[in-house]
Amino acid sequence: MCTACLDLLVGGLANLPALYDDCVRREETGTLQVRRRGSRKNRSIDPMSPAAVDTRAAIRVVLEHWAGLVASERRVQPPDRDIRVLTGFLRRHAEWLAAHPAAAEAVDEIRDLVLSARRAAYPKGGARSRVGSCPNCSGELVALIRAGDDALPSEIVCTSVPEHAWPAARWATLAREMRRGTR
Ligand SMILES: [Zn+2]
């Protein structure tokens, strides 16, 4: 089994649900603006750029594809189509998937999803703020601030290696790793 593949898979899968959510939350501020004037009904729709819509669709398609492969080859019940259920299912089977002949393909696809979701959720001009040094390499960590009205950071990423990324749910772990790194 490829340990690097396993790390990349598990890391990517851990980050996808928050990125998937952030593609919706982001307000329409960029050049891909779709004007929604007029009816109240339209204003209630989450503003999403075409890139964010495409990215969310791609996340679903890719996760369902790999979950389907795992379910059929391992003869287990396929998971529901919810993003958190799909990523949880794939994380539980990540060791098996990392040993599969198609592991490299799965790693590439999930890595691409993370990168394009990050671009769609935090378009250029989105705020970033420096956090510190990456505990896993010599890169710098920045917090990506979503463009929505709450302006809370939702992911901390390494500027050198895109897979070094921590969603909010893993910040306590990151803080521990960073403390260990400075000692
Ligand atoms: Zn790093």
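What you are looking at is a predicted structure, and each value in this text was computed from that prediction instead of being measured.

The rules behind the values
Residues numbered from 1 in each chain as written. Predicted model: local features only at pLDDT ≥ 70, side-chain atom pairs only at ≥ 80, totals over all residues. Helix = DSSP H or I, 4+ residues; strand = E, 2+ residues; numbered from the N terminus. Buried ≥ 20, exposed ≤ 12 C-beta atoms within 10 Å, placed from the backbone. Contact = placed C-beta atoms within 7 Å. Pairing = 2+ DSSP bridges.

Caption draft 1: Here's a closer look at the environment of Met178. You can see Met178 is positioned in helix α7 (residues 171-182). Owing to 17 C-beta atoms within 10 Å, Met178 belongs among the partly exposed residues under this scheme. Taking the C-alpha atoms as reference, Met178 lies 5.4 Å from Pro135; in sequence the two are 43 residues apart. When neighbours within four sequence positions are excluded, Met178 is seen to be in contact with Gly132 and Pro135.

Caption draft 2: Structural detail: the pairing of strand β2 (residues 140-145). The pairing of strand β1 (residues 128-133) with β2 spans five bridges and is antiparallel. Bridge pairing in β2 places Ser133 opposite Glu140. Connecting β1 to the next strand, β2, in antiparallel fashion are six residues. Across five bridges, the pairing between β2 and strand β3 (residues 153-158) is antiparallel. In the strand pairing of β3, Leu141 is matched with Cys158.

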